[in-house]
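Chain and residue survey
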Amino acid sequence: MEATLFSPDERPLVPKLYRRLLGAASHAITKDDMRFIVESAKKMQVPQRDRFGFHPIVSALETACTLAESIDADRHMLLAIMLSPLSSAGLIQEIDIQNRWDEDVAKMVRGLAKVSTLYSRSASVESDNFRKLLLTFAEDIRVIIIMIIDRLRLMRAINHHPAEKMVKEVAYEANYLYAPLAHRLGLYAIKSELEDMSLKYSNRDIYTKIAHQLNETKSRRDAYIANFIAPIKDKLSAEGLKFEIKGRTKSIYSIWNKMKKQHNTIEDIFDLFAIRIVIDCEIPREKSECWLAYSVVTDMYRPNPSRLKDWISIPKSNGYESLHITVYGPDERWVEVQIRTRRMDAVAEKGLAAHWKYKGIKSESNLDTWMNNIRDILEAAETGPMELMKNFKMDVYSHEVFVFTPKGDLYKLPQGATLLDFAFNIHTNVGTHCVGGRVNGRNRKLNYRLASGDTVEIFTSQQQEPSIDWLGIVETSKARNKIRAVLKEAENKTAETGKELLQRRFKNRKIEFDEATLSKAITRMGHKNTIAFFAALGAEEIDINDVIEAYLSVSDRALPEQNPERVSASEYTMQPAEEDTAADDDVVVIGDNIKGVNYRLAKCCNPIYGDKVFGFISSEGVIKIHRDDCPNASHLKDKYTYRLIKTRWSGKVGSQFVATLRVVGKDDIGIVTNILYNK
C-alpha cells in the first residue's frame, strides 16, 4: 500500500490496525474482505486527507476498531466504515458494493456520504436544525452511531494538534452535537469521554486544574467507593433487602458543570462521589424499603438535611421517583446517595423521566420516544443489537425539510414547502419581490418543492409584486398570511387612488360628492365591498363614466322634481322656436315625435329651453337630455353613439328650468353689489 502515500508514522499503523480489527471482529470481518479493501486502497494514488491531515484509510481502520471494541462488531457497519473512503475516492461504485456484499452495506455507505456533505456547507452545528438534518440525511440509525464513533476517534487523535482553532471547533461540535446524541442512545461511556475531551481541548487549564485537584488515580477512587459502600452492603443484607449498589466518581466535565452552576470550588461539590442503591421489591413495599435503606445509610454516615430530596412521597411532574441524600463519608468527603426501586430506576432511565431529560437536555417528544426504543435495543437485544437496527428508519423528521442558504445558514420548513415559502421565511421583503431562485446550482420557479439538504439562493426584483395565485403556491401559514397582508395593503392603496380619481372627476364636472349617494350607486352597480370597488376603479377595471352615470341616476331619484326655493324666470317671455308637434305635457320632442317617453334634464349641464340638445339612453332606460356643449357630450358621443337619440324642444314653455349663470367681469371693490342692485 506504498502507493497510497502513507507518512512514515502511518506505515506501521496499518498492519497493527489490521490485526487489531481482525482480533476484535474475527467473526464479522474475513481476510478476503480485508484483502479486497487493501487492494482497492492501493489505487488511491493521492489520498484526500481530512483537514487535520489524517489518511482516510487509517482513520477508517481506527473507527472500525473503536466500534468493534466499544459497541458491537457488526459486519455491515464495519464494511461500511472501511468502504466509505474508497467510495468517496471513486475507487468502488455503489452497485459493486451491493453486488459483492449487500444492499444494506451500500445504503450505509450512501448515508455516510450524504452526512459528510453537510460539513461542506459551512453550516453552524449549534443550530437544532443541523442535528435534525443530520438525522434526516443519515437514513439509518447505524450511520449516526458510526458518526459518533468516528468523532470519538477524531477527538482521541487531535490531542496537542497544532491547529488549535480547528481543534476547539471540533471539541465544541462534539460537546454540542455528538455527546447529547450518544447520551440519548444510551452510549454513556462514549458520551462522558467526548465531554471530557471537549473540555480538555476547549479549556485545557480548567481541565488540568480539576484533574490535579482530584489527585487520585482511578484505582484509588474506586477503592474509596468500595470502602464507602462495604458497610452499607452488609447492613442492607442484614435487613433482608434485595438490592444492587453501584458507585462512581463524576466525570471532570460533570464536575466543571457543577462548579459553574453552583459557583463553588471543587471542595464544595456535594456529590463528587455518587452512590446508587437499587432495591428489588414488590410495588406495595417500595416506599417502606426505600426509607429503610435511607435509615441504614444515615445511621452510618452523617446526613446533610438541607440536601434531602424526597421524590418518592411527591414524585416530579415528569414521573421521576427517588430519594436523594448527601452524607459525610470517610476522609471528610461529601457523597450523594440515590435510593430507588428497580421500577423507579426503569422509569428514570427509559420511561417518561429518562436520564437525559432529567439532566435537562432539550428534547422533542417524537425523537425522545424513538431514541428510547433504540437505546432499549442497544442494551437488551439478544440476537445482536445492530442486526435489529436494520429495521429502524430515520423518518423521525419525515414531515420537515431542512435547507441551506449559500452562506450555510440552515432553515426548517414543513414537507412540501416551495421556493416561495423559503423566500418568505427569510424575510417578508424577500418573499414579496421573489421572482425565482437557484437550487443546488439550477434555476427554479416559485412553485419548486424543496428537499432536505438543498442549497437555495433567492432572486428578487423590485418590480415583482405578489398576486392572488401565490396563495396556491405556498405551503406555510406564515407565507400565506404575509401574502394576504401584502395583497390587502396593495388593495387599500389602489382603492385610495380610485377614490381620489373619482373625487377629482366629480370636481371637474361640478358634481357634489355625497358618500351616501355613492354607496347606493356602488350597490346598484353590483359591488358589495366599497374598498374592492374603489380598488377596481383605481386599477381601471371599471369605467369611471359608468360610475358617474350611476351616481347621477341615484341622485336624480333622490331629489324632488321641482325646487320651490329656486327663482322662476316667469317674467321672461320666450318665443316658440317652432310649431309644437309633441304631446301636451312634453317640453321636448324625442326621436320622431315619440310620446310618453320617460326623460330627465341632465344635471351635469342643466339644459334650458332654446339650448341645442340631444338625448342619451341611460343604463336604467331613462332618456337624459344634455346640451350639445355639455362637458360629457364629447365622451358620450364618441363611446356610446348607439345610445344617442335625436331630441328637440317642443315649443311649449310650461315648465321651470334650473340654469346656471356665468358672470365675467373686472375684479373691483363692490362688484357684487353693482351686479345685484344696479339697473
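Residues numbered from 1 in each chain as written. Predicted model: local features only at pLDDT ≥ 70, side-chain atom pairs only at ≥ 80, totals over all residues. Heavy atoms only, no water.

With that settled, consider unusual backbone geometry. Phi is positive for E332, close to 55°, though the residue is something other than glycine. Along the chain, E332 falls in the loop between β5 (323–329) and β6 (333–341). Owing to a relative accessible area of 62%, E332 belongs among the exposed residues under this scheme. Unlike most non-glycine residues, N606 shows phi in positive territory, near 50°. Within the element layout of this structure, N606 appears in the loop between β13 (599–601) and β14 (613–617). Judged by relative accessible area, which is 18%, N606 ranks as buried. (Helix = DSSP H or I, 4+ residues; strand = E, 2+ residues; numbered from the N terminus. Buried < 20%, exposed > 50% of the residue type's maximum accessible area, 1.4 Å probe, protein only.)

Let us look at the packing of aromatic side chains. This model, assessed by the stated rule, comprises 11 aromatic pairs. Arranged with centres 4.4 Å apart and planes meeting at 10°, the rings of F228 and Y301 form a pair that is stacked. On the criterion of sequence distance, the pair formed by F228 in helix α12 (residues 218–238) and Y301 in the loop between α14 (286–300) and β3 (302–303) is long-range, its members being 73 residues apart. The same class applies to F228 and to Y301, which are both buried. With a centroid separation of 4.8 Å and 55° between ring planes, the pair formed by Y328 and W334 is classed as tilted. Judged by relative accessible area, Y328 falls into the partly exposed class, the value being 27%. Of note, R100 hangs over the ring of W101, and the distance from its end group to the ring centre comes to 5.2 Å. (Phe/Tyr/Trp six-rings, centres within 6.5 Å; stacked < 30°, edge-to-face > 60°. Lys NZ or Arg CZ within 6 Å of the ring centre and 35° of its normal.)

Quick look at the sheet that holds strand β10 (residues 442–444) now. Pairing within the open sheet is antiparallel, and its three strands lie in the order β10-β9-β11. Edge positions in the sheet fall to β10 and β11 (456–460), since each of these pairs with one other strand and no more. Within the sheet, the average angular offset between the axes of one strand and its neighbour, ignoring direction, is 30°. The pairing of strand β9 (residues 434–439) with β11 spans five bridges and is classified as antiparallel. Residue V439 lies in a different strand from β11, and its bridge partner there is V456. The sheet contacts of helix α19 (residues 419–426) involve β9, β10 and β11, and relative to β11 the element is tilted by about 80°. (Pairing = 2+ DSSP bridges. Axes fitted to C-alpha atoms, helices over the stretch in contact; angles between N-to-C directions. Contact = heavy atoms within 4.5 Å.)

Further remarks concern the side chain of T476. By the element assignment, T476 lies in the loop between β11 and α21 (477–508). Exposure remark for T476: the relative accessible area of 12% places this residue in the buried category. Looking at T476, its side chain comes within polar contact range of the side chain of D421, at 2.7 Å. Contact partners of T476, with chain neighbours within four places excluded, come to P414 and D421. (Polar contact = N/O pair within 3.5 Å; in protein donor to acceptor, adjacent residues only side chain to side chain.)

With that settled, consider the pattern of salt bridges. As enumerated under the stated definition, the model contains 25 salt bridges in all. A salt bridge links R343 to E286; its shortest N-O distance comes to 2.9 Å. Taken as a pair, R343 in helix α15 (residues 342–350) and E286 in helix α14 lie far apart in primary sequence, 57 residues in all. The partner of E549 in a salt bridge is R643, and the shortest N-O contact between them spans 3.3 Å. Of this pair, E549 sits in helix α24 (residues 544–558) while R643 sits in the loop between α25 (633–639) and β16 (644–645); the two residues are 94 residues apart in sequence, bridging distant segments of the chain. For the pair E549 and R643, one class covers both residues: buried. Put simply, D104, K107 and R142 are held in one network by salt bridges that share partners. (Salt bridge = Lys/Arg side-chain N within 4 Å of Asp/Glu carboxyl O.)

Below, the discussion takes up the environment of R342. You can see R342 is positioned in helix α15. Residue class for R342 comes out partly exposed when judged on its relative accessible area of 39%. Along the backbone, R342 and C281 are 61 residues apart, and their C-alpha atoms lie at a distance of 7.7 Å. Each residue touching R342, except ones within four places of it in the same chain, is listed here: E244, V278, I279 and D280.

What follows covers the nonpolar core. Counting residues in each nonpolar core, the largest one holds 66 residues, and the members touching the most others are L21, L78, L83, I148, M155 and L194. Put simply, the parts of the chain that give this core at least two residues each are α1 (13–24), α2 (31–41), α3 (56–70), α4 (75–88), α6 (103–118), α8 (141–157), α9 (164–184) and α10 (188–202). With 11 residues, the single largest contributor to this core is α8. Apart from residues lying up to four places away in sequence, I148 is in contact with Y178, L181, A182, L185, I190 and L194. Counting 29 residues, the second largest nonpolar core, distinct from the first, contains A521, I544, A550 and Y640. (Core = buried A, V, L, I, M, F, W, Y, C linked by side-chain atoms within 4.5 Å.)

Inspection of α2 places D33, M34, I37, S40 and A41 among the buried residues, and these make up the whole buried set. The buried residues of α2 occupy an angular sector of 130° when projected down its axis, which confines them to one face. Buried residues along α2 sit against α1, α3 and α4. (Arc of directions from axis to C-beta.)

Let's shift gears to the sheet that holds β13. Reading across the sheet, the four strands line up as β13-β15-β14-β16 and stay open at both edges, with mixed pairing between neighbours. A strand with exactly one partner marks an edge of an open sheet, and here the two such strands are β13 and β16. In this structure, β13 lies alongside strand β15 (residues 623–627), joined through three bridges in parallel fashion. Across the sheet, L601 pairs through a bridge with I625, a residue of β15.

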